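As a plain string of letters, each chain reads:
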Amino acid sequence: MERITTAPRTVLVWRKRSLPLTTVGLLLASLPMLAYLLLPLLALIARVNPATLVAQFANPEISQALGLSFTTTACSTLLGLVCGTPLAYLLARGRFPGRSLLDTLIELPMVLPPSVAGIALLITFGRRGLVGAQLNEAGLSVAFTTLAVVLAQTFVAAPFYIKTAVAGFAGVERELEYAAATDGASPWQVFTRITLPLAGPVLLGGLVMSWARALGEFGATIIFAGNFPGRTQTMPLAIYLGFEMNLDLALSLALIMLALSFFILWLVKAILRQRVSAT
Amino acid sequence: MRRSPVVFALLLTLLLAACGGAPAAQSPTSPPAPTVAPTVVPTVAAPTASTDAPTTEATTTAPAGTTLNVFAAASLTDAFKALAPAFEAAHPGVTLVFNFAGAQQLATQINEGAPADVFASANRAQMDVLIASGKVISATAHTFVRNRLVVITPKANPAGITSLKDLAKPGLKLILAAKAVPVGQYALAFLAKASALPEYTDSFSATVLANVVSYEDNVRSVLTKIALGEGDAGIVYTTDAATQADKVAEIAIPDTLNVIATYPIAPLADSKATALAQAFVDYVLAPEAQQVLVKYGFISETGAAPGIVPTAKPTEVK
């Protein structure tokens, strides 16, 4: 765990040597970006009427959207973890032709506009789609279902986990794995006892990233899964439709989502910090 | 130093997350819908030209480089694009910038300060929203066209829908516009009207609505998804159905059940180019433009159209 323990020390050294002036300068240079990131959030908080906000919690559409957002993002994050980890390990350890091509392909959903992902998914899994036509014959209809929401989220969010996990696995010293193998550990034991624990914090960070991306997913969802309260209407869709119907409602929803996202991100970071300091 | 690639990758991921997240917020929800300009961009990019325009202009001849921002309902997309060249030719130096979206979305944008000169809505409700906020003066709003609803199915009609009653068949995949969208409201009104008739049952509306798989956020999304064959039936305006005549089949809704949508247009009270905005409204109400609108399937408000009693002059909203 040398990698982690050295990091805070470097920061300390830098702090001791740096002049206060440099810190002040750095702070001033950081201000525009900080302000830019924080002002819209403050504007949102300032515009929300507390009474409307409280009333929203009793609104069944809101609780439906919230519940749906959390169950679907949990599913898509889990799907990314289960199916993405082997792929990440392969990319981190494997040396094979076309590796860099594969790597780029995985990055593609990260840069594509989500609407492109939505159209692509619809013409793949829609009932006239490349795969969807067969699935439809077999009696499985994907588009406009909760499953479609999970698929849309996984498509755009899983690459964030995979990319981070590749870096996490690559950061684990191969010598440690070799040593364990020499001592008689099976490949599975090496992976679960050595590689996974060492890469763990990075993998968790990647999972949080992909979860956050899934929670915000809008474009692919509305195109591929459509908008139906309780079935496919996640929080971002409810906020968008709310924006057109009732701005107060949309603002309250936005604030609820903001607060919950902040709380969960912060919680995960706190857990990570605790784990790091414990080692 | 094994650390650096990890840190770098994390940073890169964060960066990509930021880039990937941003378009989601403003991504047009129906990219297949042919819009002249994205919903968000022109409202930000266009104002410079229109604010620069001298406020003293009394005639419709505008100085070179004047931009007129027209916020129009998504269902007007094709017709208004066809109207633009003639207006621009009659007013040298004027460029029309259209912002097509759901009328409800446009009304919200305008109330939040988006620089619009003209607003053309697909229902009175959204015009009333702007009248209530003082953005539009009631007397300046005129109905310029009417539109009617039609049920559409994919050309292949996989569910075998041949009559309006078939919409209640269990297991259909029906796609409607959301309640927030005018056409979504009209569709609900049509279903309610039908339910009240003896030949349909009381439960007609509820049974049909149980088949809905998605409430789309604008009429063109409904059209595209039906044209793609992803839904069995949808309810749109006849004008929309006409744009995809090769991909969708129509089932007419009789006049007794149909909800005739009224489209009001008005200059914005705080427009920087008031005279020009009024000129565009007048142009849309004039016979030449009305003919173009009729060609796109609208029912003319000022001239004759099949099946509709012509009114002598534009009806005033309210």
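First, a word on what this report is: a plain description of the structure on this page.

So, how was this worked out
- Residues numbered from 1 in each chain as written.
- Chains lettered and ligands numbered in written order.
- Predicted model: local features only at pLDDT ≥ 70, side-chain atom pairs only at ≥ 80, totals over all residues.
- Heavy atoms only, no water.
- Helix = DSSP H or I, 4+ residues; strand = E, 2+ residues; numbered from the N terminus.
- Buried < 20%, exposed > 50% of the residue type's maximum accessible area, 1.4 Å probe, protein only.
- Contact = heavy atoms within 4.5 Å.
- Pairing = 2+ DSSP bridges.
- Axes fitted to C-alpha atoms, helices over the stretch in contact; angles between N-to-C directions.
- Parallel < 35°, antiparallel > 145°, perpendicular 65-115°, else oblique.
- Nonpolar A, V, L, I, M, F, W, Y, C, P; charged D, E, K, R; others polar.
- Left-handed = near helix turned anticlockwise from the far one by under 90°.
- Salt bridge = Lys/Arg side-chain N within 4 Å of Asp/Glu carboxyl O.
- Phe/Tyr/Trp six-rings, centres within 6.5 Å; stacked < 30°, edge-to-face > 60°.
- Lys NZ or Arg CZ within 6 Å of the ring centre and 35° of its normal.

1. Thoughts on the overall build of chain B
When helices and strands are tallied, chain B shows twelve helices and eleven strands. Burial statistics for chain B: of 318 residues in total, 56% are counted as buried. Of all intrachain contacts in chain B linking residues separated by at least 6 positions in sequence, the fraction that spans at least 24 positions is 77%.

2. Thoughts on the pairing of strand E7 (residues 212–216) of chain B
Residues and elements named next belong to chain B. Taking burial as the measure, the five residues of E7 include five buried ones, the bulk of the element. Bridge count for strand E6 (residues 174–177) against E7 is four bridges, and the pairing is parallel. Paired with alanine 177 across the strands is glutamate 216, a residue of E7.

3. Overview of the packing of helix H11 (residues 274–285) of chain B against helix H12 (residues 287–295) of chain B
For any two helices packed against each other, the geometry is given by the interaxial angle and the distance between the axes. Residues and elements named next belong to chain B. It is the contact of H11 with H12, at a shortest axis distance of 5 Å, that shows an interaxial angle of 60 degrees. Of the possible angle classes, the one that applies to H11 and H12 is oblique. Of the residues in H12, those touching H11 at Tyr283, Val284 and Leu285 are Pro287, Glu288, Ala289, Gln290 and Leu293. Counted by class, the contact of H11 with H12 contains six nonpolar, one polar and one charged residues.

4. A look at the packing of helix H4 (residues 60–93) of chain A against helix H8 (residues 146–170) of chain A
All names here are of chain A. The contact between H4 and H8 brings their axes to 6 Å, and the two run at 40 degrees. On the basis of the axis angle, H4 is oblique to H8. Our pair here, H4 against H8, has a crossing hand that is right-handed. A class-by-class count of the residues in the contact of H4 with H8 yields 18 nonpolar, nine polar and one charged.

5. A short note on the pattern of salt bridges
Considering all chains together, one arrives at twelve salt bridges over all chains under this definition. Of the charged contacts, one joins glutamate 112 of chain B and arginine 47 of chain A as a salt bridge, the two residues approaching to 3.2 Å between their closest N and O atoms. Taken together, the positions of glutamate 112 of chain B in the loop between helix H5 (103–111) and strand E3 (118–120) and arginine 47 of chain A in helix H2 (residues 20–47) put the pair across two chains. Classification of glutamate 112 of chain B by relative accessible area gives partly exposed; the value is 44%.

6. Considerations on the sheet that holds E7 of chain B
Residue and element names in this part refer to chain B. Taken in spatial order, the five strands line up as E7-E6-E8-E5-E9 in an open sheet, and their pairing is mixed. Two strands lie at the open edges of the sheet, namely E7 and strand E9 (248–252), each paired on one side alone. In this sheet, neighbouring strand axes are inclined to one another by 30 degrees on average, regardless of whether the strands run parallel or antiparallel. Sheet topology note: the strand E5 (residues 149–154)/strand E8 (residues 233–237) ladder contains four bridges and is antiparallel.

7. Some points on unusual backbone geometry
You will see that phenylalanine 144 of chain A, though not glycine, has its phi angle at about 65 degrees, which is positive. With respect to the helices and strands, the residue phenylalanine 144 of chain A is situated in the loop between helix H7 (132–137) and H8. Despite not being glycine, asparagine 157 of chain B has its phi angle at roughly 45 degrees, a positive value. Inspection of the secondary structure puts asparagine 157 of chain B in the loop between E5 and E6. With relative accessibility at 18%, the residue asparagine 157 of chain B sits in the buried group.

8. A look at the pairing of strand E10 (residues 261–267) of chain B
Residue and element names in this part refer to chain B. Burial runs high along E10: seven of the seven residues are buried. What you see with E10 is no split at all: Ala261, Tyr263, Ile265 and Pro267 on one side and Thr262, Pro264 and Ala266 on the other are buried throughout. In the sheet, E3 pairs with E10 via three bridges, with the strands oriented antiparallel. Each bridged residue has a counterpart across the sheet, and for alanine 120 the counterpart in E10 is isoleucine 265.

9. Remarks on the packing of aromatic side chains
One pass over the structure, following the stated rule, counts 20 aromatic pairs over all chains. Geometrically, the ring pair formed by tyrosine 89 of chain A and phenylalanine 169 of chain A is edge-to-face, given 5.1 Å between the ring centres and 90 degrees between the ring planes. Placement of tyrosine 89 of chain A in helix H4 and of phenylalanine 169 of chain A in helix H8 is noted, with a sequence separation of 80 residues between them. Under the relative-accessibility criterion, tyrosine 89 of chain A is labelled partly exposed at 24%. Of the residues examined, phenylalanine 169 of chain A reaches a relative accessible area of 0% and is grouped as buried. Ring geometry for phenylalanine 144 of chain B against tyrosine 263 of chain B: centres 6.2 Å apart, planes inclined by 90 degrees, an arrangement best described as edge-to-face. Of the two residues, phenylalanine 144 of chain B is situated in strand E4 (residues 142–147) and tyrosine 263 of chain B in strand E10; the sequence distance between them amounts to 119 residues. For tyrosine 263 of chain B, a relative accessible area of 0% puts it in the buried group. Here the aromatic residues Phe80, Phe87, Phe98, Phe100, Phe144, Tyr186, Tyr237, Tyr263, Phe280, Tyr283 and Phe298 of chain B are joined through ring pairs into a cluster of three or more. Lying over the aromatic face of tyrosine 200 of chain B, lysine 165 of chain B brings its terminal NZ or CZ to 5.5 Å of the ring centre.

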